[in-house]
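Each chain, written out:
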Amino acid sequence: MAGRFPILYLAEADAEDAVLSSGVLAYLVEAMPQARFTVVGSPTSAPLFADTPRLDRLLVLEKESKLEWLGLWNQVRAETWGCVVDMRGSALSTKLKRQKRAVRGEDEPGVHKVELAARVLQLEETPGPRLFVSEPTRAKVEALLPAGDGPLLAIGPGSAWMGRRWPAERFANLAVTLTSPGGPLAGAHVVVIGEESDRDAAHTIRLALPRHHTIELQGKLTPLQAVAVLQRCNLYVGNDSLWTHLATAAGTPVVAGYGPSDDVERGPWGGLVVRGPRSVEEFRKIDPRLNQAIEHMNELPTERMLRAVKKLLAERALA
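Sequence order sets the numbering: in each chain, residues are counted from 1 along the sequence as written. Only residues with pLDDT of at least 70 are given local features in this predicted model, and only at 80 or more are side-chain atom pairs given and counted; all residues enter the totals for whole chains, interfaces and linings. The basis for every side-chain value is the complete set of heavy atoms in the structure, and neither hydrogens nor water enter the calculation.

Got a sec to walk through the pattern of salt bridges? Specific residues and values, please.
When a carboxyl oxygen of Asp or Glu lies within 4 Å of a side-chain nitrogen of Lys or Arg, that pair is called a salt bridge. Enumeration according to the criterion identifies 18 salt bridges in this entry. Its salt-bridge partner being R4, residue E79 comes within 3.2 Å of it at the nearest N-O pair. Separated by 75 residues along the polypeptide, E79 in the loop between helix 2 (66-76) and strand 4 (80-86) and R4 in the segment before strand 1 (5-10) bring together distant segments of the chain. With its nearest N and O atoms 3.5 Å apart, the salt bridge here joins E16 to R266. Within this pair, whereas E16 is found in helix 1 (residues 15-31), its partner R266 is found in helix 9 (residues 263-266), the two being separated by 250 residues in sequence. For R266, a relative accessible area of 23% translates into the label partly exposed. Residues participating in the shared-partner salt-bridge network are E12, R104, D107 and K113. Each helix corresponds to a stretch of at least 4 residues labelled H or I by DSSP, and each strand to a stretch of at least 2 residues labelled E; elements are numbered beginning at the N terminus. Whether a residue is buried, partly exposed or exposed follows from its accessible area with a 1.4 Å probe, protein chains only, as a fraction of its type maximum: under 20%, in between, or over 50%, in that order.

The following block contains the structure:
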């Protein structure tokens with residue numbers, strides 16, 4: 001077909017990393033309307049790209065074994081690729097017919113993952129995380145949300161490690177203050193997203209709010225469906241988690257509580273990070289591997305998060 005330009009995009013295996021780099025693929029989709037895409041990901045990262053426009057194939061690399069890589073090579077070797085974009089930094093592109101290749105190099109300390117992703121294509125401007133959502137995906141979640149254009153506050157109370165979870169009671173207090181009469185999101189419904197394991201935190205939030213004002217969607221959404229939900233929300237508040245990065249990819253205003261996490265390299269791109277009194281280095285002195293069963297986020301007060309949220313909402317109201 002005349003003008004056809006096939007692009008092979010290898011996404012990172014880790015879903016959070018894949019979201020942080022997703023702006024590169026979004027840039028290619030918009031900058032090259034003649035391009036067709038084949039996307040490779042892991043079982044957790046591949047579904048993030050299921051609604052990419054002009055997607056020919058979505059391939060899943062189940063494991064990192066040599067046999068799996070050989071199987072992938074067999075699936076893509078027949079094509080002469082216009083470009084191979086490899087966010088994994090593998091050697092696959094050297095074994096394929098292609099016009100161009102762009103391969104991610106080593107990470108650079110102190111540089112944000114989103115900026116490192118943009119360097120793969122040598123872009124002058126850094127595209128932020130962005131995931132595409134199709135109308136069928138959007139339609140599946142619309143029934144879960146209240147009709148109309150009333151405000152929605154999204155909360156992601158979970159995280160993969162307890163040391164990065166802000167106490168559920170403080171999320172609840174924050175939600176009450178924001179949605180009560182006179183609050184900046186007065187009357188808003190609160191949408192809780194996350195894993196099924198976040199149900200206790202979700203219940204804590206629900207019990208603090210007026211009846212029927214909490215929509216518990218934890219464990220009920222795929223990450224891409226979560227993006228569709230988040231695109232309907234006026235604000236997202238959460239921890240260092242996949243859900244926070246999905247909110248940035250949805251274009252939702254984000255406020256995230258960080259403690260034993262490096263927001264310089266992995267903070268929510270374009271979002272507002274709120275930290276407690278300690279730096280990551282100070283946390284490492286008491287928890288060298290950042291994996292102990294310590295509730296590090298207890299030191300982040302509700303008032304500090306509330307001030308940040310109000311500031312962000314006020315700035316957006318004036319924009």
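Describe the nonpolar core, naming the residues involved and giving the relevant values.
Residues enter a nonpolar core if they are buried and are Ala, Val, Leu, Ile, Met, Phe, Trp, Tyr or Cys, with the set joined through side-chain atoms within 4.5 Å. Counting residues in each nonpolar core, the largest one holds 56 residues, and the members touching the most others are I7, Y9, F49, V85, L131 and L246. For this core, the element with the most residues is helix 1, which contributes 8 residues. We call two residues contacting when some pair of their heavy atoms lies within 4.5 Å. Ignoring any residue separated from it by four or fewer positions in sequence, one finds V85 in contact with I7, L8, Y9, L10, V24, L28, A102, V120 and L121. By size, the runner-up hydrophobic cluster in this structure holds 27 residues, among which are I155, L178, I205 and L235.

Just give me the short version of the sheet that holds strand 1, but keep the residues and values in it.
Two strands qualify as a pair provided that DSSP identifies no fewer than 2 bridges between them. In spatial order, the strands read 3-2-1-4-5; together these 5 strands make up an open sheet with parallel pairing. Each having just a single partner strand, strand 3 (55-60) and strand 5 (97-103) make up the two edges of the open sheet. Ignoring strand direction, the axes of neighbouring strands in this sheet form an average angle of 15°. Along the sheet, helix 2 makes contact with strand 1, strand 2 (35-41), strand 3 and strand 4, crossing strand 3 at roughly 165°. To obtain each axis, a line is fitted to C-alpha atoms, and for helices this fit is confined to the stretch in contact; angles are then taken between N-to-C directions over 0 to 180 degrees.

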